[in-house]
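# Inside the fold
Residues per chain, in single letters:
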Amino acid sequence: MLLADLVAAWQAVAGTSSRREKADLIAALLRGAGPGEAALVVHYLAGELPQRQIGIGPAALGERPPAAASPALGVGRIDAVFGEIGAVSGPGSVAGKRRLLRALLAEATAPEQEFLIRLLAGDLRQGALEGVMAESVAKAAGVPLALVRRAAMLSGSLSAVAVAALSGGAEALSRFAPRVGRPVRPMLAVSSPSLEEALKGETAVEWKMDGIRAQLHVEGEEVRVFTRTLEEITSRVPEVVETVRGLGLRSAILDGELIALREDGRPHPFQVTSARTATRSGAGGGLSLFAFDVLHLDGADLLDEPGAVRNEALARALPEPLRMPRIVTSDLGEAEAFLADALARGHEGVLLKSLDSPYTAGRRGAGWIKVKPRHTLDLVVLAVERGSGRRREWLSNLHLGARDPRTGGFVMLGKTFKGLTDRVLRWQTERFTELKTADDGWTVTVRPVQVVEVAFDGLQRSPRYPGGLALRFARVLRYRSDKTAEEADTIDTVRALAGFEPG
Ligand SMILES: Nc1ncnc2c1ncn2[C@@H]1O[C@H](COP(=O)(O)OP(=O)(O)OP(=O)(O)O)[C@@H](O)[C@H]1O
């Protein structure tokens, strides 16, 4: 397959807002892909390299040799050269990598160069395409979408699923099962404003802790830990590994939350937990595990079992102090008392979990419903203003936007410079300098890709902002680098919170 075909499809996909058209375009591309090429198509359109990192920095991407007049590059050749670039190491490797990249770019036409440079810069990573991609694979291979989704969640790799679907159809996809050591996309929750709305019949109610999602894979003595984004953090959390190793489990996949607790059992602020998992050495230590699900235990796959069965297995596998506190009830008063207690102990809220629902990997299913009283939104940073006074050197005041699913753009809802520590200010100055697209000397406009979680006191009508409403007293809680802009909250969610009609 020519790179030019892939680039043309990519441009066409970006040029339409219709999900169906996007899926059709990608499906046609996949159908035309030769053996070995389908995986590359999926990787490149998702904005990733199969090699992940090949050691090309922003400086190398600044040089563009004259473009080729006509397209001749194949996707297989791109992959081979990326592999070669990744393999260059030792003294002089920076120059060596640059030389190879330059030679590759010289073979590319102008639009191909643009594509390759954006691919290498990480600019093409768009979570939104993931859903469309699953549909495209289902269409191209003529298999049910649900099977593609399930296999993708279990393998964590849509490219592997595309290859299996195109070569072996539904039969190959149904063979995907959770495997110890291979992380599974975690199940996610939907939100509800109140327990009253969310509680329907006998349900498990669990504390919602504000820690870090962790998936633990246990095979005898070996324990590996993965985050919500399937990043491996085993070496950073030796204390958790030790705890789980001591349980003598034969094989298991556990899902849970890691959190730093104070001596009195109350949680530290989220920043403390986050700092402890951020260092490579695991120097922080002191994280506690609260497991709340089990996907596999001693040879048995539990993913498709109802919540009640999985919870019994969890209780067999782990002692109570390592499990998330929970009750099972259908009584609103009892659930309210449990929520009030969780909040009084410093936790975020509760999750209501269906006793019948399977583990819907990677999905925001109605099987889990979160109820938390604090108003927060995940918004996207659209621009940043330079600070003044003590913050002169830093990019400080953030322009915040909600996603508009109709246009694929963002609707600005307000600004904030509150809640930013010096460490965060330093980090965001670097981050937004990297993402800069324009600078008028005061406001730096950025590519809208960085998600930030903000708390706010309410919403008010505002003629100054394009959506007609603005956040009151917004403050930054944390950067959500584990979410893509496509996972940010939408203007519809914000309007619903404000009690406005959507539209
Ligand atoms: N008892 C629990 N069961 C499941 N998830 C829990 C629990 N306690 C805390 N969590 C955390 O809450 C998250 C569930 O909410 P959701 O699936 O909406 O993820 P999210 O978008 O990261 O939400 P949030 O920003 O509210 O944490 C999980 O990813 C997990 O990290």
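Every chain is numbered independently, its residues counted from 1 as its sequence is written. The predicted nature of this model means local features are confined to residues of pLDDT at least 70 and side-chain atom pairs, given and counted, to a pLDDT of 80 or more, with totals for whole chains, interfaces and linings taken over all residues.

## Some thoughts on the UniProt feature "active site" (unreviewed entry) in the protein chain
UniProt positions are given in the numbering used here, feature names are shortened, and annotations may be inferred rather than shown by experiment. Mapped onto this numbering, the UniProt entry annotates "active site" (unreviewed entry) at Lys208. Residue position: Lys208 is located in strand S2 (residues 203-208). Not counting residues up to four positions away in its chain, the partners in contact with Lys208 are His347, Glu348, Gly349, Val350, Leu351, Lys370 and Lys372. Put simply, DSSP marks the helices as runs of H or I at least four residues long and the strands as runs of E at least two long, and each gets a number from the N terminus on. By definition, residue pairs are in contact when their C-beta atoms, positioned from the backbone, come within 7 Å.

## Section: the site of the ligand
Nearness between a residue and a molecule or strand is assessed with a C-beta atom placed from the backbone; a distance within 6 Å qualifies. Close to the ligand lie 13 residues; Leu188, Ala189, Glu206, Lys208 and Arg213 are nearest. Residue assignment for the shell around the ligand shows that the elements contributing at least two residues are strand S1 (188-191) and S2. Broken down by element, the residue count for the shell around the ligand peaks at three residues, all from S2. Residue composition of the shell around the ligand, by class: seven nonpolar, no polar and six charged. As a working rule, the residues Ala, Val, Leu, Ile, Met, Phe, Trp, Tyr, Cys and Pro are called nonpolar, Asp, Glu, Lys and Arg charged, and the rest polar, with Gly in that last group.

## Quick word on the nonpolar core
Only buried residues count toward a nonpolar core: Ala, Val, Leu, Ile, Met, Phe, Trp, Tyr and Cys, linked into one set through C-beta atoms within 7 Å. Counting other C-beta atoms within 10 Å of its own, a residue is labelled buried from 20 upward, exposed at 12 or fewer, and partly exposed in the gap between, with every C-beta atom placed from the backbone. Ranked by internal contacts, the top residues of the largest apolar core, which has 110 residues, are Leu30, Val41, Val137, Val148 and Ala162. The residues contacting Val148, other than those within four sequence positions of it, are Ala134, Val137, Ala138, Val143, Val161, Ala165 and Leu173. With 33 residues, the next largest nonpolar core counts Val380, Leu400, Leu413 and Leu471 among its residues.

## Re the environment of Leu104
With respect to the element layout, Leu104 can be found in helix H6 (residues 93-106). Look at Leu104 and you get buried, because 21 C-beta atoms sit within 10 Å.

## Section: the sheet that holds strand S9 (residues 349-354)
With respect to topology, five strands assemble into an open sheet ordered S1-S10-S9-S2-S8, the strand pairing being mixed. Single-partner strands in this sheet number two, and they are S1 and strand S8 (326-329). In this sheet, adjacent strand axes meet at a mean angle of 35 degrees when their direction is disregarded. In this description, a line fitted to the C-alpha atoms serves as the axis of each element, helices being fitted only across the stretch in contact, and the angle between N-to-C directions of two axes falls anywhere from 0 to 180 degrees. Contacts between helix H15 (residues 332-344) and the sheet are confined to S2, S8, S9 and strand S10 (364-371), with S9 contributing the most and set at about 140 degrees to the helix. When DSSP finds two or more bridges between a pair of strands, those strands are recorded as paired.

## Comments concerning the packing of helix H3 (residues 37-45) against helix H10 (residues 158-174)
Axes are the key here: two packed helices are described by the angle between their axes and the distance separating the axes. Running from N to C, H3 and H10 cross one another at 145 degrees; their axes reach a closest spacing of 8 Å. Here H3 and H10 pass one another in a crossing that is right-handed. Contact residues: H3 offers Ala38, Ala39, Val42 and His43, while H10 offers Leu158, Ser159, Ala162, Val163 and Leu166. For a crossing to be left-handed, the near helix must be turned anticlockwise from the far one by less than a right angle; the clockwise case is right-handed.

## Here's the deal with the UniProt feature "binding site: ATP" (unreviewed entry) in the protein chain
Under the local residue numbering, the UniProt record ascribes the feature "binding site: ATP" (unreviewed entry) to Glu206, Arg213, Arg228, Glu257, Phe292, Arg364 and Lys370. Note that Arg364 resides in strand S10. If sequence neighbours within four positions are ignored, Arg364 has contacts with Leu188, Ala189 and Val190. In this structure Lys370 touches Ala189, Ser191, Lys208, Gly349 and Leu351, once residues within four positions along its chain are discounted.

## Considering the confidence of the model for the protein chain
Every residue gets a pLDDT, meaning the predictor's confidence in that residue, from 0 to 100. Averaged over all residues, the pLDDT of the protein chain equals 92, while 97% of them reach at least 70. Overall fold confidence for the complex sits at a pTM of 0.69, while the interface term, ipTM, reaches 0.96.

## Re H3
A large share of H3 lies buried, amounting to nine of its nine residues. The complete set of buried residues in H3 reads Glu37, Ala38, Ala39, Leu40, Val41, Val42, His43, Tyr44 and Leu45. Following H3 by one or two positions, Gly47 has its phi on the positive side, about 85 degrees.

## Focus on the environment of Asp5
Relative to the assigned elements, Asp5 resides in helix H1 (residues 3-14). The spatial distance from the C-alpha of Asp5 to the C-alpha of Gly32 is 9.7 Å, given a sequence separation of 27 residues.

## Describing the sheet that holds strand S7 (residues 300-301)
Within the open sheet, the five strands sit side by side as S4-S3-S5-S6-S7. Their pairing is antiparallel. With partners counted over all chains shown, the strands left at the sheet margins are strand S4 (222-226) and S7, one partner each. With eight bridges connecting them, strand S3 (residues 212-219) and strand S5 (residues 251-260) associate as antiparallel partners. In the sheet register, Glu219 faces S5, and the bridge partner there is Ser251. Taken strand by strand, helix H14 (residues 307-317) contacts S5 and strand S6 (287-297), and its axis lies near 125 degrees from that of S6.

## Concerning the packing of H1 against helix H7 (residues 110-121)
One can describe the packing of H1 onto H7 by two numbers: an axis separation of 10 Å at closest approach and a directional angle of 75 degrees. Taken together, the axis directions place H1 and H7 in an arrangement best described as roughly perpendicular. On the side of H1, the interface is formed by Leu3, Ala4, Val7 and Trp10, while H7 contributes Pro111, Glu112 and Phe115. Class assignment for the residues of the contact of H1 with H7 results in six nonpolar, no polar and one charged. Working definition: roughly parallel below 35 degrees, roughly antiparallel above 145 degrees, roughly perpendicular at 65 to 115 degrees, and oblique for all remaining angles.

## Considerations on unusual backbone geometry
Unusually for a residue other than glycine, Arg52 sits at a positive phi of about 65 degrees. Located in the positive-phi region is Asp298, a residue other than glycine, with phi close to 45 degrees. In this structure, Asp298 sits in the loop between S6 and S7. The exposure class of Asp298 is exposed, given the 12 C-beta atoms found within 10 Å.

## Some thoughts on H15
With 13 residues, H15 extends 18 Å between its outermost C-alpha atoms, agreeing within 8% with the 18 Å of an ideal straight helix rising 1.5 Å per residue. Ala335, Phe338, Leu339 and Ala342 are the residues of H15 that are buried. One side of H15 holds all its buried residues, which, seen down the axis, span an arc of 100 degrees. Exposed residues lying more than 90 degrees from the buried face of H15 are Gly333, Ala340 and Ala344. Downstream of H15 by one or two residues, Gly346 has phi in the positive range, about 95 degrees. To estimate the expected span of a helix, subtract one from its residue number and multiply by 1.5 Å. By arc we mean the arc of the directions from the helix axis to the C-beta atoms, nothing more.

## Here's the deal with the pairing of strand S11 (residues 376-386)
As paired strands, S11 and strand S16 (residues 451-455) are joined by five bridges and run antiparallel to one another. Looking at the pairing, Leu379 lines up with Val452 of S16. Strand direction decides the pairing type here: S11 and strand S12 (residues 395-404), joined by six bridges, are antiparallel. What sits directly across from Val380, in S12, is Gly401. Of the pairings in the sheet, the one linking S11 to strand S15 (residues 443-446) comprises three bridges and is antiparallel in character. Paired with Glu385 across the bridge in S15 is Thr443.

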